[in-house]
Amino acid sequence: MTCKKIVPTKSELNILNILWKTQPATVRQVHEVLAEQQSTGYTTTLKTLQLMHEKGLVERDESSRAHLYKAKESAGNTQKSVVKDLISKIFSGSKYDLVVSALGERASSDEINEIRELLNTLEKQNH
């Protein structure tokens, strides 16, 4: 039986980005950072973290009065899951179409050189 990765929503990703930088964190700590970025209520942050815990996106330490939350997966693993889901749903599985779409937005010379180096490295690994 395979375990399907849960792809976080936009709101959940906003919270995960905070946790990856400051974990473990209380609801209050997460809410304070989140409130700087968007208009949201404390109870909304609390409810979102509770749902994220139920979905298995975060772990919760209940040993003290203020529960501490931390991301269950690393930023890298979550990014891979989100991109895989995006490629599957939006680009019909085509990595080429994803890259063309991403580069349709003007890439700097430095970014193009970094991408070229990455492609060269990947090509060497496949031979």
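Owing to the predicted nature of the structure, the values given are computational and were not obtained by experimental measurement.

(A) Examining unusual backbone geometry more closely. Look at the link from Gln23 to Pro24: it is a cis peptide, with omega at -5°. Within the element layout of this structure, Pro24 appears in the loop between helix H1 (10–22) and helix H2 (27–37).

(B) Representation of the pattern of salt bridges within the structure. One pass over the structure, following the stated rule, counts four salt bridges. Its salt-bridge partner being Lys55, residue Glu12 comes within 2.8 Å of it at the nearest N-O pair. Taken together, the residues Glu12 in helix H1 and Lys55 in helix H3 (residues 42–55) connect sequence positions 43 residues apart. Taking relative accessible area as the criterion, Lys55 reaches 33% and is therefore assigned partly exposed. With a shortest N-O distance of 2.8 Å, Arg60 and Glu62 are connected by a salt bridge.

(C) Focus on the packing of H1 against H3. Look at H1 against H3: their axes get within 11 Å of each other, and the N-to-C directions meet at 90°. Classified by the interaxial angle, the pair formed by H1 and H3 is roughly perpendicular. Counted together, Glu12, Ile15, Leu16 and Leu19 of H1 and Thr45, Thr48, Leu49, Met52 and Lys55 of H3 form the full contact between these two elements. Looking at the contact of H1 with H3 residue by residue, the class counts come to five nonpolar, two polar and two charged.

(D) Spatial organisation of the packing of H1 against H2. Two elements in contact, H1 and H2, have axes separated by 10 Å at closest approach and are oriented at 120°. The angle between the axes of H1 and H2 places the two elements in the oblique class. In the crossing of H1 with H2, the sense of the turn from one axis to the other is right-handed. Here Asn14, Ile15, Ile18 and Leu19 of H1 lie close against H2, whose contacting residues are Val30, Val33, Leu34 and Gln37. Residue classes in the contact of H1 with H2 are distributed as six nonpolar, two polar and no charged.

(E) Looking closely at the nonpolar core. Grouped together as the largest cluster of nonpolar side chains are 14 residues, with contacts concentrated most on Ile15, Leu19, Val30, Leu49, Met52, Val58 and Tyr69. Only H1, H2, H3 and strand E2 (68–71) provide two or more residues apiece to this core. In terms of residue count, the dominant contributor to this core is H1 (four residues). Setting aside residues no more than four positions away along its own chain, Ile15 makes contact with Val30, Leu34, Thr45, Thr48, Leu49 and Met52.

(F) Geometry of the pairing of strand E1 (residues 58–61). Across four bridges, the pairing between E1 and E2 is antiparallel. Residue Val58 lies in a different strand from E2, and its bridge partner there is Ala71. Counted between consecutive antiparallel strands, the loop separating E1 from E2 contains six residues.

(G) Structural context of a negative patch on the surface. Residues Asp110, Glu111, Glu114 and Glu117 make up a contiguous surface patch of negative charge. Its place among the elements puts Glu117 in helix H6 (residues 109–126). Given a relative accessible area of 55%, Glu117 falls into the exposed group.

(H) View of the side chain of Thr45. Checked against the element boundaries, Thr45 lands in helix H3. A polar contact of 3.0 Å, which involves the side chain of Thr45, links it to the side chain of His31. Among all residues touching Thr45, those that are not within four sequence positions of it are Ile15, Val27, Val30, His31, Leu34 and Thr40.

What counts, and at which threshold
Residues numbered from 1 in each chain as written. Predicted model: local features only at pLDDT ≥ 70, side-chain atom pairs only at ≥ 80, totals over all residues. Heavy atoms only, no water. Helix = DSSP H or I, 4+ residues; strand = E, 2+ residues; numbered from the N terminus. Salt bridge = Lys/Arg side-chain N within 4 Å of Asp/Glu carboxyl O. Buried < 20%, exposed > 50% of the residue type's maximum accessible area, 1.4 Å probe, protein only. Axes fitted to C-alpha atoms, helices over the stretch in contact; angles between N-to-C directions. Parallel < 35°, antiparallel > 145°, perpendicular 65-115°, else oblique. Contact = heavy atoms within 4.5 Å. Nonpolar A, V, L, I, M, F, W, Y, C, P; charged D, E, K, R; others polar. Left-handed = near helix turned anticlockwise from the far one by under 90°. Core = buried A, V, L, I, M, F, W, Y, C linked by side-chain atoms within 4.5 Å. Pairing = 2+ DSSP bridges. Patch = residues over 30% accessible without salt bridge, like charges linked within 9 Å, V, L, I, M, F, W, Y side chains within 5 Å. Areas by Shrake-Rupley, 256 points an atom, 1.4 Å probe, with all protein chains shown as cover. Lys, Arg positive; Asp, Glu negative; His and termini not counted. Charge placed at Lys NZ, Arg CZ, Asp CG, Glu CD. Polar contact = N/O pair within 3.5 Å; in protein donor to acceptor, adjacent residues only side chain to side chain.

Honestly, it's all geometry; don't read function into it.
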